[in-house]
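Topology and contacts: notes
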Amino acid sequence: QVQLVESGGGLVQPGGSLKLSCAASANIFSFYVMGWYRQGPGKEREQVALYKNGDSTNYADSVKGRFTFSRSNAKNELYLQMNSLKVEDTAVYFCYVKTWPTATASWGQGTQVTVSS
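Since this is a predicted model, take the numbers as computed values, not measurements.

1. A few points about the side chain of Thr111
By the element assignment, Thr111 lies in strand E11 (residues 111-115). What Thr111 contacts, discounting residues up to four positions off in sequence, is Glu6, Ser7, Gly8, Gly9, Leu20, Ala91, Val92 and Tyr93.

2. Focus: the sheet that holds strand E1 (residues 4-7)
Here we have four strands laid out as an open sheet, ordered E1-E3-E8-E7, and antiparallel in their pairing. At either end of the open sheet lies a strand with only one pairing partner, and these are E1 and strand E7 (67-72). Averaged over all neighbouring strand pairs, the angle between strand axes comes to 15°, with direction disregarded. Two elements, E1 and strand E3 (residues 18-24), share four bridges in a ladder whose sense is antiparallel. Bridging from a neighbouring strand, Leu4 pairs with Ala24 of E3.

3. Structural notes on the pattern of salt bridges
Under the defined criterion, the tally for this structure stands at four salt bridges. Among the salt bridges present, the one from Asp89 reaches Arg38, with a minimum N-O distance of 3.0 Å. With Asp89 in the loop between strand E8 (77-82) and strand E9 (91-99) and Arg38 in strand E4 (residues 31-39), this pair connects stretches of sequence that are 51 residues apart. Neither residue differs from the other here; Asp89 and Arg38 are each classed as buried. Its salt-bridge partner being Arg66, residue Asp89 comes within 2.8 Å of it at the nearest N-O pair. On the criterion of sequence distance, the pair formed by Asp89 in the loop between E8 and E9 and Arg66 in the loop between strand E6 (58-59) and E7 is long-range, its members being 23 residues apart. Residues Asp89 and Arg66 agree in their burial class; the two are buried. One salt-bridge network, held together by shared partners, links Arg38, Glu46, Arg66 and Asp89.

4. Some points on the state of the cysteines
This model, assessed by the stated rule, comprises one disulfide. The partner cysteine of Cys22 in its disulfide is Cys95, sulfur to sulfur 2.1 Å. Judged by the sign of its S-S torsion, about -85°, the bond between Cys22 and Cys95 is left-handed. In this pair, Cys22 sits in strand E3 while Cys95 sits in strand E9, placing the two residues 73 residues apart along the sequence.

5. Topic: the packing of aromatic side chains
The final tally for this structure, using the stated rule, is six aromatic pairs. Both rings, one in Phe94 and one in Trp107, keep their centres 6.4 Å apart while their planes meet at 85°; by these two values the pair is edge-to-face. A residue pair is termed long-range when its members are at least 10 positions apart, and Phe94 in strand E9 and Trp107 in strand E10 (residues 104-107) qualify at 13 residues. Taking the relative accessible area as the measure of exposure, Trp107 reaches 35% and is therefore partly exposed. Seen in terms of ring centroids, Tyr96 and Trp107 are 4.6 Å apart; in terms of plane orientation they differ by 50°. Their pairing is tilted. Here Trp107 lies in strand E10 and Tyr96 lies in strand E9, a separation of eleven residues in the sequence. For Tyr96, a relative accessible area of 9% translates into the label buried. Counting every residue linked through ring pairs, the aromatic cluster contains Tyr37, Phe94, Tyr96 and Trp107. Here Arg45 stacks its cationic end above the ring of Phe94, 3.7 Å away from the centre of that ring.

Each value, and the rule that gives it
- Residues numbered from 1 in each chain as written.
- Predicted model: local features only at pLDDT ≥ 70, side-chain atom pairs only at ≥ 80, totals over all residues.
- Heavy atoms only, no water.
- Helix = DSSP H or I, 4+ residues; strand = E, 2+ residues; numbered from the N terminus.
- Contact = heavy atoms within 4.5 Å.
- Pairing = 2+ DSSP bridges.
- Axes fitted to C-alpha atoms, helices over the stretch in contact; angles between N-to-C directions.
- Salt bridge = Lys/Arg side-chain N within 4 Å of Asp/Glu carboxyl O.
- Buried < 20%, exposed > 50% of the residue type's maximum accessible area, 1.4 Å probe, protein only.
- Disulfide = S-S within 2.5 Å.
- Phe/Tyr/Trp six-rings, centres within 6.5 Å; stacked < 30°, edge-to-face > 60°.
- Lys NZ or Arg CZ within 6 Å of the ring centre and 35° of its normal.

If you want it as structure tokens, here you go:
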């Protein structure tokens, strides 16, 4: 299983920005699905941004136009740039990958993002 370590979470005011990072223990080219999920207080875990090889990144409607998924092949890292943050974006954010060819899913431990004035 791939080890994933998120960083970059914290406290930010509404309208602010944060960039989350996820460092992977395996070569990023072994991932055919990669992205971010989040779980807000008292809520189910939900998909935020998910990229599948050969396809475009799929964003949750609530974050479209504000969040951007990217990756560094050289560093084996995934990122989530979050702009125009809202109070309702408060959640624990999890990095997620699926590895070729076994389709093994791996999750990071999560990083807390709190949007509050």
